[in-house]
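# Tertiary structure, described
The chain contents come next:
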Amino acid sequence: MDSLGLPFGAPPILVEMKSQVQNYLENPQLLPIHDLEMVQQYWKHDANMKQLCQNEVAATPTTLLIEKDINTGDLAEVVEIVIPHAGMTNKTSMSLQRIPGPPSEWVRGSASNVPFWPGGLEWNPSETMSDLLQIDELLEELCFKKDLKTVPPGFKNGMNFGSSDVNLNLASSLKLKSKPIDHEDSSKLIVDSENTSVIDLADLLKEKGSIFKWIEEDEPLSSKKENFNNLVFLATASKKKSIVLSENENENFDDIPVVDISKVLSLSEKQKLKSTDWAEIIDVSSSLENFNDLVPNPAFTWPFELDRFQKHAIIHLEKGEDVFIAAHTSAGKTVVAEYAIALSQKHMTRAIYTSPIKALSNQKFRDFKTTFTDVGLLTGDVQINAKATCLIMTTEILRSMLYNGSDIIRDLEWVIFDEVHYINDSERGVVWEEVLILLPSHVNIVMLSATVPNTSEFATWVGRTKGRKMYVISTLKRPVPLEHYLYTGLTGKSKDERFLIVNAEGAFVPKGYMAAMDAKKSKEKDAKPGGAAAAAGRGRGAPTKEVGRAPGGGGGGHKGWGPPQEKNLLIALLDHLKKQDQLPVVAFTFSRNRCDQNSSLLTSVDLVTAEERGRIHQFFQKCVSRLKGSDQKLPQVTNMQTLLKRGIGVHHSGILPILKEVVEMLFQEGLVKLLFATETFAMGVNMPARTVVFDTIRKHDGTGFRNLLPAEYIQMAGRAGRRGLDTTGTVIILCKNDVPESSELHAMMLGQPMKLSSQFRVTYSMILNLLRVEHLRVEDMMKRSFGEDHQQSKLGKVKEQLQKLYDQVQLLPQLACDICTDIESYYNNASAYLNLKEEMQENLLTHPSMVREMNAGRVLIVQHQSRCNKLAILLSVDSRSREKLYKILLLVSGDGELANKKDDMIWTKMVGISQLKKGFFYPTSRVNHAVVLIKAKQIWEVTRVQLKIESDKIVADWDNRQIPRFRDNPPGPSCSMAVQELSRLSQSASVEVINPLQDWKWTNMDLVGKMQELTILLNRLASATCTACSQFEQHLEQTSASMSIQEELQRTQFLLSEDSLLHSAEYHSRLEVLKELNYVDGNGTLQMKGKVACEMGNHELIITELVFHNVLTELEPAEIAALLSCLVFQQKNASEPTMTPVLEKGRYRIREIAEKIGRTQQVCGLKEVVGDFVDQFRFELVEVVYEWAKGMPFAEIMGLTDVQEGMIVRCIQRLDETLRDVRDAARIIGDPILYQKMGEASTAIKRDIVFAASLYTQ
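This structure is a prediction, so every number in the text was calculated from the model and none was measured.

## Looking at the overall build of the chain
Helix and strand counts for the chain come out as 46 helices and 27 strands. Within the chain, contacts between residues at least 6 apart in sequence are counted, and of these 74% link residues at least 24 apart. Only carbon and sulfur atoms are counted for the fraction: they give 52% of the accessible area of the chain, which is about 63500 Å².

Pasting the structure below:
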């Protein structure tokens, strides 16, 4: 070292990296983790249990604002200001200004959120104190100062902008929501034109030139005033300050109109206020040559010329107005939807497109994806690009988002409702009504529908509900006119027998119908010698017996019709259509099995070319390659491939979803020439054909066979005719046996479509979701339902009637009589007695035992004119009229009692009741008689007395004496004897009457109760002291008038109350069920069960009860999935499954709980039968789902049931949504075991072909 000459020796040498790594690996004891000096230190923490009781501090409602001098920059003062919408969250506020929720709840929301405030409701809870303060500050800025001059320099006249009252009117106009005014309300708001002339400044501003043009004209002042009076429009009830045109008060300006600007906001505001209707029908026949000027910068353009109705719709969309489009299939309604979406993207907002079925949602997603890039899809099991500006979803998903307060609603500008006529669906129609009611006010509405006759009525309801006008645009024009034919061909020469019965102009062609009848008869004559005679015996178009109809609601006729005849008919029809170049064709058949059978009959038919067959094979293989190997060899897959290669397709709910989509896409490409389909193919999916064929015009609707309704026929027939390709569409009805009757065809083809009608009903889900919200009640939903619209529109008149009744009550005179102190009690008891007596008698007289007693000669006690104690003899019973009438002979006074207007008044009948204790009526003057007709309710008692009379002679004698020249003739012997016997009985003390309880031993408890009640009421009436008053009749008449007004007052008050709502009774019954099952407490507050039920998509009660009774916790995931399949499977005619003991026990428990719920519903007043409620849960797919969840291949589980593949896939897909609902319920109640099992069950069933991705989303 020293020899190097370095003072500190040799420099250090770095250790080799290899030796460092080796030392590190071989000596772990040298690692720093074992160094005690590096161990983490621990500080003892004292637990503070009180911290668990602390809540988050409420948001500060105010803050301090420092104001500076703008000139010097010095601090001037510190001001406390209000923080707008402080502390409002998605759990506490319905305001759009509330704080957004977490990102996880941004799309679908949460059941713990409250919805946004629905548009159209009178009160908005988002109008907090800070909002009012801001409005007041705004008003201070808007208020005009008092020292403003009213006459400009150099002008003789000017304007007085009004005092503070006018500004207050302006303030109220800013706070109130603009909405149309009803006729009865608007009449109160118009100022008397004789006292002042008021004009709307907005009307003047629309005219060219000066608003003071009227001053410069030479027209007389009187005519000027008349012209301006025609422009009168004043929409405020507050007192108006006149706007004078001079400061000189001494001058007379009576003829000078006053310009009122206190309500001038905008022309659009003025239009909303001016209209008295909520819907406006747009005349689409008017030309729009200036369309490009009205819409200079369209949000979207098309490569074709728009139709008139489309242009009208776009103009209103540009104005931000709601539209209702009603047009035929393929008319181009989607253009309006596309423009609304384009507008939302232009405005950087969002649009939602709702459809009634999932298949249509998938198809629209693909269509809109090619048009608009930013498109998302939300269905029960699929969520694609959920934050897109255009979202496609089913209406049920949108309803869930509204109830759960999804933050997407904030940015929403347009909601497009496709196929709005689905509101007529008895099961799902309520969803459309709920969504339309719940939409916030800032959301605009586009409704697309098939042609319906009451578009204005429906649009009026939507407009009144949302508080703004709807614009109805309807067109009956078909882009491709339809021609309707009857086809009677079969084979050979008859294969071209097609007869036109409705031409392209929509006119029925009787000549074609007669030709079809003749052709059919000649064919029957050739086939059967007796056929023509049999047909002739029935007459033209006579309907055949239902038992002879073909299977599946076929066209009817001979029992000999079978597969051979069906095959010959189909082959002949296809040859005819190919010859006429009318392929492709959709053959609608109202049976899934018949669709499959018909397709299997055409094994020898090939409708495609070799090139088309290659394209079909390539596309089919590409699509099924997504499936598992064993799934690609499923019988339905291979059979469908064979059919498609020959140009034949099948489309119904039993087909696998992926195969249905393959068929749809090939059909759109024109590669499927013949498609056998059920009615669902025509529901929304826009896939037109050249020709539509109806296998039959009869269908089974769940209760029996019936003809197609006009709306159903039009929906399916509308698939005929491709716009731009065909000049006309061809619709053919097959006459397999008998030709349908002409009246049936006329009603079906040319009849009026079904009206849109309310299917609103109160559901448990609706009640529970609204009980979560403090300011929104179930009654608010019921009031705004479509079914209540007619009654709600009359409320203004009802309120006026109520006020008149109040005034009448105040003017009623007081009865001053010391004896008649109980006369009101007598009136009430007598009224109850009369109502109960009439009701009971009508029921008694229809009973078989009583009918046998009602023979000629039976003595009755009847109510006639002002008396209830008259004896009468029954002469005959007239059952021909709708209400059974009884002809009787009774006694009258003198020359006959003249009918008095008071005889039919209720108080005269009450007077008659007071006469019962005096015995039977007997004339005080000369005894006379009459023959009259009475109703059943006028028969008070049936006596045991049966007289022997000649009723026919008595009636003939009476009728003869009604002729003027025989009027003075004496009565005949038969009549005289009957009158004498009747007089004798009337003077007797009493007559025995028939008592059904004693004489016939009736055990009807309802009848027993009513008769006991009648006895009690009669005793009360007999003990009344007011009957002893000498002026009893006059006092009773006065009391009756008074009580009638009070009863009318009560009825009117009831009409204005919420108890008069159609669904009020159902709501209260369901609420009682929820209270009985502890979903809500006595105050209507949600309990834990109720919060869990809010998470459920359907069957809220049964699922919640299963969770709380721990029925599912002890089961395996596969067993849970299998048992819950009973909630989603609906097919009735399926084979019985083979179940394990555990599954059998589970089925028993589910049915037991369902029976408990059903009994509770019945006790609480709901009419649903317990057995029907229990039987709705079907367990036929339990074995299939269990084996599927255990991993069995799809091909093998098909051997366990006779249910078709498509139905199984649909059931399992819906089951996954139910499993997710139960998993959310387990999370809420804190059951980690059930939560884990539900996740495992969901994972187990989500595999292979059942959850294959839709081709439309790829």
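## Section: a nonpolar patch on the surface
A grouping of Met17, Val21, Tyr24 and Leu25 is seen on the molecular surface, where their side chains present a nonpolar patch of about 460 Å² in accessible area. Its place among the elements puts Val21 in helix α1 (residues 17-26). What makes Val21 partly exposed here is its relative accessible area of 39%.

## Some thoughts on the nonpolar core
Phe417, Met447, Phe458, Phe694, Leu1124 and Phe1194 are the most contacted members of the largest nonpolar core, which totals 213 residues. Among the elements that line this core, the one with the most residues is helix α45 (residues 1205-1229), at ten residues. Discounting residues that sit within four places of it in the chain, Phe417 has contacts with Thr354, Leu398, Trp432, Val435, Leu436, Leu439, Ile445, Val446, Met447 and Leu448. Cys820, Ile873, Val931 and Met1043 belong to the second-largest nonpolar core, a separate cluster that totals 60 residues.

## Re the packing of aromatic side chains
Using the criterion set out here, one finds 15 aromatic pairs in the structure. Summarising the aromatic geometry, the rings of Phe368 and Phe372 are spaced 6.3 Å apart at their centres and angled 65 degrees between planes, so their arrangement reads as edge-to-face. Neither Phe368 nor Phe372 differs from the other in exposure class; each is buried. Through successive ring pairs, a cluster of aromatic residues spans Phe300, Trp302, Tyr339, Tyr353, Phe368 and Phe372. One residue, Arg98, lies across the ring of Phe116, its end atom 4.0 Å from the ring centre. Lys387 extends its terminal NZ or CZ atom over the ring of Trp106, reaching a point 5.5 Å from the ring centre.

## A closer look at the pattern of salt bridges
Counting across every chain of the model gives 43 salt bridges. The salt bridge involving Glu105 is made with Lys91; its shortest N-O contact spans 4.0 Å. Of this pair, Glu105 sits in the loop between β2 (75-82) and α2 (129-142) while Lys91 sits in the loop between β2 and α2; the two residues are 14 residues apart in sequence, bridging distant segments of the chain. Across the pair Glu992 and Arg944 runs a salt bridge whose closest N-O atoms are separated by 3.2 Å. Highlighted residues: Glu992 in the loop between α33 (973-986) and α34 (996-999) and Arg944 in strand β27 (residues 939-946), separated in sequence by 48 residues. The class of Glu992 is exposed, set by a relative accessible area of 55%. Take Arg944: its relative accessible area is 40%, and that puts it in the partly exposed class. Because the salt bridges share partners, they merge into one network encompassing Arg777, Glu779, Asp780, Lys783 and Glu1058.

## Let's talk about the pairing of strand β19 (residues 691-694)
With burial as the criterion, each face of β19 is covered, one bearing Thr691 and Val693 and the other bearing Val692 and Phe694. Both strand β16 (residues 585-588) and β19 contribute to a ladder of four bridges, which runs parallel. Its bridge partner lying in β19, Ala587 is registered against Val693. Relative to strand β22 (residues 729-734), β19 runs parallel, the two sharing four bridges. In the sheet register, Val692 faces β22, and the bridge partner there is Val731.

## So, the state of the cysteines
Following the criterion strictly, the structure yields zero disulfides and no others. Just so you know, Cys817 is unpaired, no disulfide at all, and the nearest cysteine sulfur is the one on Cys820, 3.7 Å from it.

## Quick notes on the environment of Gln791
As for its position among the elements, Gln791 is in helix α27 (residues 789-792). In the structure, Gln791 is positioned 269 residues away from Ser1060 in sequence and 9.7 Å away in space, judged by C-alpha atoms.

## Some details on the sheet that holds strand β9 (residues 383-384)
Within the open sheet, the nine strands sit side by side as β5-β13-β6-β12-β11-β7-β10-β8-β9. Their pairing is mixed. For this open sheet the edge positions go to β5 (279-281) and β9, each flanked by a neighbour on one side alone. Bridge count between strand β6 (residues 322-327) and strand β13 (residues 470-475): six bridges; the pairing is parallel. Bridging across to β13, Ala326 finds its partner in Ser474. Across the sheet, helix α11 (residues 333-346) lies against β6, β7 (350-355), β10 (390-394), β11 (412-417) and β12 (444-449), angled at about 165 degrees from β11, the strand it touches most.

## A look at the sheet that holds strand β17 (residues 648-651)
The strand order across the open sheet built from seven strands is β15-β14-β22-β19-β16-β18-β17, with neighbouring strands paired in mixed fashion. Lying at the two open borders of the sheet, with one neighbouring strand each, are β15 (498-502) and β17. With direction set aside, neighbouring strand axes in the sheet form an average angle of 25 degrees. Here helix α22 (residues 657-668) sits on the sheet in contact with β16, β17 and β18 (674-677), set at roughly 130 degrees to β17. The sheet strands contacting helix α23 (residues 710-717) are β14 (482-487), β16, β19 and β22, and the helix crosses β19 at an angle near 140 degrees.

## Description of helix α25 (residues 764-771)
Of all the eight residues making up α25, seven are buried; the element is thus mostly covered by neighbouring parts of the structure. Regarding α25, the residues found buried are Tyr764, Ser765, Met766, Ile767, Leu768, Asn769 and Leu770.

## Details of the packing of helix α40 (residues 1117-1124) against helix α46 (residues 1232-1245)
Relative to each other, α40 and α46 sit at 75 degrees, their axes nearing to 8 Å. It follows from the interaxial angle that α40 and α46 lie roughly perpendicular. Contacts between α40 and α46 pair Pro1117, Ile1120, Ala1121 and Leu1124 from the former with Leu1234, Lys1237, Met1238, Glu1240, Ala1241 and Ile1245 from the latter. Class assignment for the residues of the contact of α40 with α46 results in eight nonpolar, no polar and two charged.

## Re the pairing of β13
Taking burial as the measure, the six residues of β13 include five buried ones, the bulk of the element. With three bridges joining them, β5 and β13 adopt parallel strand pairing. Note on β13: the bridge partner recorded for Ala279 is Met470.

## Details of the side chain of Asp1231
Within the element layout of this structure, Asp1231 appears in the loop between α45 and α46. Notably, Asp1231 is buried but unbridged: the nearest opposite-charge side chain belongs to Lys1237, and the N-O separation is 8.3 Å. At 3.2 Å, the side chain of Asp1231 and the backbone nitrogen of Leu1234 are in polar contact. The contacts of Asp1231, once residues within four sequence positions are left out, are Thr1113 and Ala1226.

## Remarks on unusual backbone geometry
A cis amide bond, omega 5 degrees, links Leu583 with the succeeding residue Pro584. Take Pro584: it is sitting in the loop between α18 (563-579) and β16. With phi around 55 degrees, Asp581 is a residue other than glycine that occupies positive phi space. Within the fold, Asp581 resides in the loop between α18 and β16. Even without being a glycine, Asn1110 presents a positive backbone phi close to 55 degrees. Position of Asn1110 relative to the elements: it lies in the loop between α39 (1100-1108) and α40.

## What to know about the confidence of the model for the chain
For the chain, the average pLDDT comes to 79, and 80% of its residues sit at 70 or higher. Within the chain, no element has a lower average pLDDT than helix α8 (residues 267-274), which sits at 35, and none a higher one than β11, at 95. Across residues 126-136, confidence stays below pLDDT 50; counting only partners more than four residues off in sequence or on other chains, it has 15 contacts. Under a pLDDT of 50 for its full length, residues 530-559 has, in the predicted model, 47 contacts with residues more than four places off or in other chains.

Reading guide: rules and limits
- Residues numbered from 1 in each chain as written.
- Predicted model: local features only at pLDDT ≥ 70, side-chain atom pairs only at ≥ 80, totals over all residues.
- Heavy atoms only, no water.
- Helix = DSSP H or I, 4+ residues; strand = E, 2+ residues; numbered from the N terminus.
- Contact = heavy atoms within 4.5 Å.
- Areas by Shrake-Rupley, 256 points an atom, 1.4 Å probe, with all protein chains shown as cover.
- Patch = residues over 30% accessible without salt bridge, like charges linked within 9 Å, V, L, I, M, F, W, Y side chains within 5 Å.
- Salt bridge = Lys/Arg side-chain N within 4 Å of Asp/Glu carboxyl O.
- Buried < 20%, exposed > 50% of the residue type's maximum accessible area, 1.4 Å probe, protein only.
- Core = buried A, V, L, I, M, F, W, Y, C linked by side-chain atoms within 4.5 Å.
- Phe/Tyr/Trp six-rings, centres within 6.5 Å; stacked < 30°, edge-to-face > 60°.
- Lys NZ or Arg CZ within 6 Å of the ring centre and 35° of its normal.
- Pairing = 2+ DSSP bridges.
- Disulfide = S-S within 2.5 Å.
- Axes fitted to C-alpha atoms, helices over the stretch in contact; angles between N-to-C directions.
- Parallel < 35°, antiparallel > 145°, perpendicular 65-115°, else oblique.
- Nonpolar A, V, L, I, M, F, W, Y, C, P; charged D, E, K, R; others polar.
- Lys, Arg positive; Asp, Glu negative; His and termini not counted.
- Polar contact = N/O pair within 3.5 Å; in protein donor to acceptor, adjacent residues only side chain to side chain.
- pLDDT = per-residue confidence, 0-100.

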